[in-house]
Amino acid sequence: MSEQVFEPKIVGFLCNWCSYRAADLAGSARITHAPNVRIVRVMCSGRVDPSFVMKAFSLGADAVLIAGCHPGECHYIEQNYKAMRRFHMLRQTLKAMGVEEQRIQLVWASAAEGQQLAEAIDKMVDEVRQLGPLGWSGNWEENGERIQALEDIVKEHEQAMEVTA
Amino acid sequence: MSESAPTSGNGNGKAKGKLAIYWAASCGGCEISILGIDTKILDVAAAFDLVMCPCIADGKVRDIEKMADGEIDVCLFNGGIRTSEQEYMARLLRQKSKCLIAFGSCATEGCIPGLGNLHNRQEIFDNSYTSETHSTENPDNVRPQAVTEVPEGKLHLPIFYDTLKTLDQTVDVDYYLPGCPPESPRIWEAIEVLLSGNLPAKGATIGENTTVCDYCPRTRKNKKIKEFKRTWEVIPDDETCLLEQGLICAGLATRAGCGALCPQVNSPCIGCYGPNEGVEDYGARFLSALASVIDSEDPDEIDEIISKGIPDPIGTFYRFSLAGSLMRRGKRPAPAATSQ
Ligand code: SF4
Ligand code: SF4
Ligand code: SF4
Ligand code: FES
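Residues numbered from 1 in each chain as written. Chains lettered and ligands numbered in written order. Predicted model: local features only at pLDDT ≥ 70, side-chain atom pairs only at ≥ 80, totals over all residues. Heavy atoms only, no water.

Participant: Would you mind going over the packing of aromatic side chains with me for this structure?
Facilitator: Two descriptors summarise a pair of aromatic rings, namely the distance from one centre to the other and the angle between the planes of the rings. Applying the stated criterion across every chain yields a total of six aromatic pairs over all chains. Here the aromatic rings of Phe-125 of chain B and Tyr-129 of chain B are separated by 5.4 Å at their centres, their planes lie at 85°, and the arrangement is edge-to-face. Taken together, the positions of Phe-125 of chain B and Tyr-129 of chain B, both in helix α7 (residues 121-129) and four residues apart, correspond to about one turn of that helix. Here Tyr-129 of chain B falls in the partly exposed class, since its relative accessible area comes to 29%. Each residue in the set Phe-125, Tyr-129 and Phe-160 of chain B is aromatic and connected to the rest through ring pairs, giving one cluster. Residue placement shows Arg-41 of chain A over the ring face of Tyr-20 of chain A; its charged tip is 4.9 Å from the ring centre. Above the plane of the ring of Tyr-161 of chain B lies Arg-146 of chain A, whose end atom (NZ or CZ) is 5.4 Å from the centre. (Phe/Tyr/Trp six-rings, centres within 6.5 Å; stacked < 30°, edge-to-face > 60°. Helix = DSSP H or I, 4+ residues; strand = E, 2+ residues; numbered from the N terminus. Buried < 20%, exposed > 50% of the residue type's maximum accessible area, 1.4 Å probe, protein only. Lys NZ or Arg CZ within 6 Å of the ring centre and 35° of its normal.)

Participant: Would you explain the sheet that holds strand β2 (residues 48-52) of chain B in this entry?
Facilitator: To summarise the sheet geometry, strands pair through backbone hydrogen bonds and adopt either a parallel or an antiparallel arrangement. Residues and elements named next belong to chain B. Pairing is parallel across the open sheet formed by five strands, whose spatial order is β2-β1-β3-β5-β9. On the outer flanks of this sheet lie β2 and β9 (175-177), each paired with one strand and no other. Strand-to-strand, the axes of this sheet are offset by a mean angle of 25°, without reference to chain direction. Pairing between strand β5 (residues 97-103) and β9: three bridges, direction parallel. Along β9, the bridge assignment pairs Ile-101 with Tyr-175. Relative to the sheet, helix α2 (residues 40-47) contacts β1 (17-23) and β2, its axis offset from that of β2 by approximately 85°. With respect to the sheet, helix α8 (residues 184-196) is in contact with β2, β3 (72-78), β5 and β9, its orientation differing from that of β5 by roughly 160°. (Pairing = 2+ DSSP bridges. Axes fitted to C-alpha atoms, helices over the stretch in contact; angles between N-to-C directions. Contact = heavy atoms within 4.5 Å.)

Participant: Help me understand the site of ligand 1, please; the structure alone is not making it clear to me.
Facilitator: Residues and elements named next belong to chain B. Near ligand 1 you find Ser-26, Cys-27, Gly-29, Cys-30, Ser-105, Cys-106, Cys-111, Gly-179, Cys-180 and Pro-181, and these make up its full shell. Only α1 (29-35) and α5 (104-109) provide two or more residues apiece to the shell around ligand 1. Per-class residue counts for the shell around ligand 1 are six nonpolar, four polar and no charged. (Near = heavy atom within 4 Å. Nonpolar A, V, L, I, M, F, W, Y, C, P; charged D, E, K, R; others polar.)

Participant: Help me understand the environment of Ile-21 of chain B, please; the structure alone is not making it clear to me.
Facilitator: Mapped onto the elements, Ile-21 of chain B comes out in strand β1. If sequence neighbours within four positions are ignored, Ile-21 of chain B has contacts with Glu-31, Ile-34, Leu-50, Met-52, Cys-53, Pro-54, Leu-76 and Asn-78 of chain B.

Participant: Hey, could you run me through the interface of chain A and chain B in this one?
Facilitator: By a widely used convention, the size of an interface equals the accessible area lost when the partners come together. On the side of chain B, 49 residues touch chain A, which itself brings 43 residues to the contact. Together, the buried faces of chain A and chain B total about 4,200 Å²; carbon and sulfur atoms form 62% of this surface. It is Arg-85, Met-89 and Met-97 of chain A that lose the most area in chain A upon contact with chain B, and together they represent 17% of the buried surface on that side. Run the count over chain A and chain B and you get four salt bridges. The partner of Arg-91 of chain A in a salt bridge is Asp-303 of chain B, and the shortest N-O contact between them spans 3.5 Å. On inspection of chain A and its partner chain B, the count reaches 14 residue pairs in polar contact (both at pLDDT 80 or more). Of all the secondary structure elements, the ones that give two or more residues to the side of chain A that touches chain B are α2 (50-58), α3 (79-97) and α5 (145-163) of chain A. (Buried area = accessible area lost by both parts, 1.4 Å probe. Salt bridge = Lys/Arg side-chain N within 4 Å of Asp/Glu carboxyl O. Polar contact = N/O pair within 3.5 Å; in protein donor to acceptor, adjacent residues only side chain to side chain.)

Participant: I'm lost on the site of ligand 2 in this one. Help?
Facilitator: Close to ligand 2 lie Cys-213, Cys-216, Arg-218, Arg-220, Cys-241, Leu-242, Cys-249, Gly-251 and Pro-263 of chain B, which account for all nearby residues. Of the residues contributing to the shell around ligand 2, the split by class is six nonpolar, one polar and two charged.

Participant: Can you walk me through the pattern of salt bridges in this structure?
Facilitator: Side-chain pairs of opposite charge can arise whenever the charged atoms involved come near each other. Inspection of every chain in the model, using the stated rule, returns 24 salt bridges over all chains. Here Glu-71 of chain B ties to Lys-18 of chain B by a salt bridge, and the two come within 3.0 Å at their closest N and O atoms. Here the residue Glu-71 of chain B occupies a position in the loop between α3 (61-66) and β3, and Lys-18 of chain B occupies one in strand β1, the gap between them amounting to 53 residues. On the accessibility criterion, Glu-71 of chain B (28% relative accessible area) is partly exposed. Classification of Lys-18 of chain B as partly exposed rests on a relative accessible area of 25%. Ionic pairing is found between Lys-165 of chain B and Glu-87 of chain B, a salt bridge with its closest N-O pair at 3.1 Å. Taken as a pair, Lys-165 of chain B in strand β8 (residues 160-165) and Glu-87 of chain B in helix α4 (residues 84-96) lie far apart in primary sequence, 78 residues in all. We note that Lys-165 of chain B, like Glu-87 of chain B, is buried. Via salt bridges that share partners, Arg-146 of chain A together with Glu-87, Arg-91 and Lys-165 of chain B belong to a single interconnected network.

Participant: Help me understand a nonpolar patch on the surface, please; the structure alone is not making it clear to me.
Facilitator: Residue and element names in this part refer to chain B. Taken together, the side chains of Ile-32, Leu-35, Leu-50 and Ile-56 present a nonpolar region at the surface, about 350 Å² in accessible area. With respect to the secondary-structure elements, Ile-32 resides in helix α1. The class for Ile-32 is exposed, based on a relative accessible area of 53%. (Patch = residues over 30% accessible without salt bridge, like charges linked within 9 Å, V, L, I, M, F, W, Y side chains within 5 Å. Areas by Shrake-Rupley, 256 points an atom, 1.4 Å probe, with all protein chains shown as cover.)

Just distances and angles here, no functional claims.
This is the structure:
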């Protein structure tokens, strides 16, 4: 047997008016796509605050997908352009932290594009699978020596106390 | 800002309170800012006995250890937690203090020392102790050791962590005082609040709930820009918002408290007062705000404007808050197996 395939956990922020419906459509049309995306429905891609994305990473997501209406078709006029500018700023910032670019993607999909969305998801899952797990919170865990060092200090101070008058 | 006299311990016959001021991974500027309250320091001295402040007064760890829990009334703690010794002191002072205040940017969000979180211990030590840096001469490559055996026994040095933590990532914190350093008048206001006994809800930031822009006299016209400029590339005019002149000004993401000091002297705000009320991640807020002034709808052009104008996004968006941010640090290189 080969070793277990890594199944990435992807958080998808999908716009209610387009990509969320596209995903729904993909479901009812029995278009299959990889089951790795946990979908969060938002009212518009412009609602996705960069802190949502960072929170997802810090809580264990391997990748984040943001999907919205095509440029020019946003229900709130130009919020998806805002989302686009923000996305590029965010992606460059995350890259500087060491999060690979493929782990955060922005996709446009209209309500009718269930097939396209499914393909984009499959492609993303593949790319992230290649990269492997992100495991961001493990990034700041210290090893056991920290606890040992603290105990040493406590012990030393206790002993020192006994000597002084 | 009112002139109401502090209910000083002496004045109304109450016993004096106990005050501790401590520093961890910090620069000492926070203490200087406390001294900047000027003659009001006498009011503080009338109300409190200073039981510890390594920067300006004597005071032994041992004496703190001997105290009953909660014996210290107020502890102003500045600095982040980078070593085991600092963590020990944070825990000790938490235990002995009724009210623990994260004082200044280092304690609240990690500040400049927290930028070390882009590296790990190994890299920081390599940089500090190898002979290759200009200020270092260390031909024998001596490194700090956690434990050294000498004839008399074992000597310990604190363990240096890979990741600097903020105070509240280490112990429970009662209040926060932002700023690098907190401005002296804001410190005095906070002390007045403490002396009044009329305390805000636990976990509150003692300060204002608005942004630096609200105090900035420059005019904003919602102009969008095609290019971010570095400070040395332009001489800005005195009237227009610096951001609208292409300079990266953090005023719109930063909590008020300084009275917009920097933009008033033609220098962009760099965000030392941290996030405004209700903002979970300072950098996320700042980068969104900055993204929205870009005048383009073309993804490639947007990417280009950003990479040319903001070559160091972390130093720009997280200069003061990386350790306290949602991401907390850069991706850590595999930790070395050995002890220090
Ligand atoms: S907050 Fe600023 S002034 Fe205070 S210790 Fe940190 S670096 Fe120094
Ligand atoms: S962005 Fe900066 S220059 Fe512009 S109004 Fe705000 S503080 Fe002033
Ligand atoms: S303008 Fe910004 S950087 Fe300057 S003192 Fe005020 S908050 Fe700090
Ligand atoms: S409504 Fe779909 S992206 Fe704005």
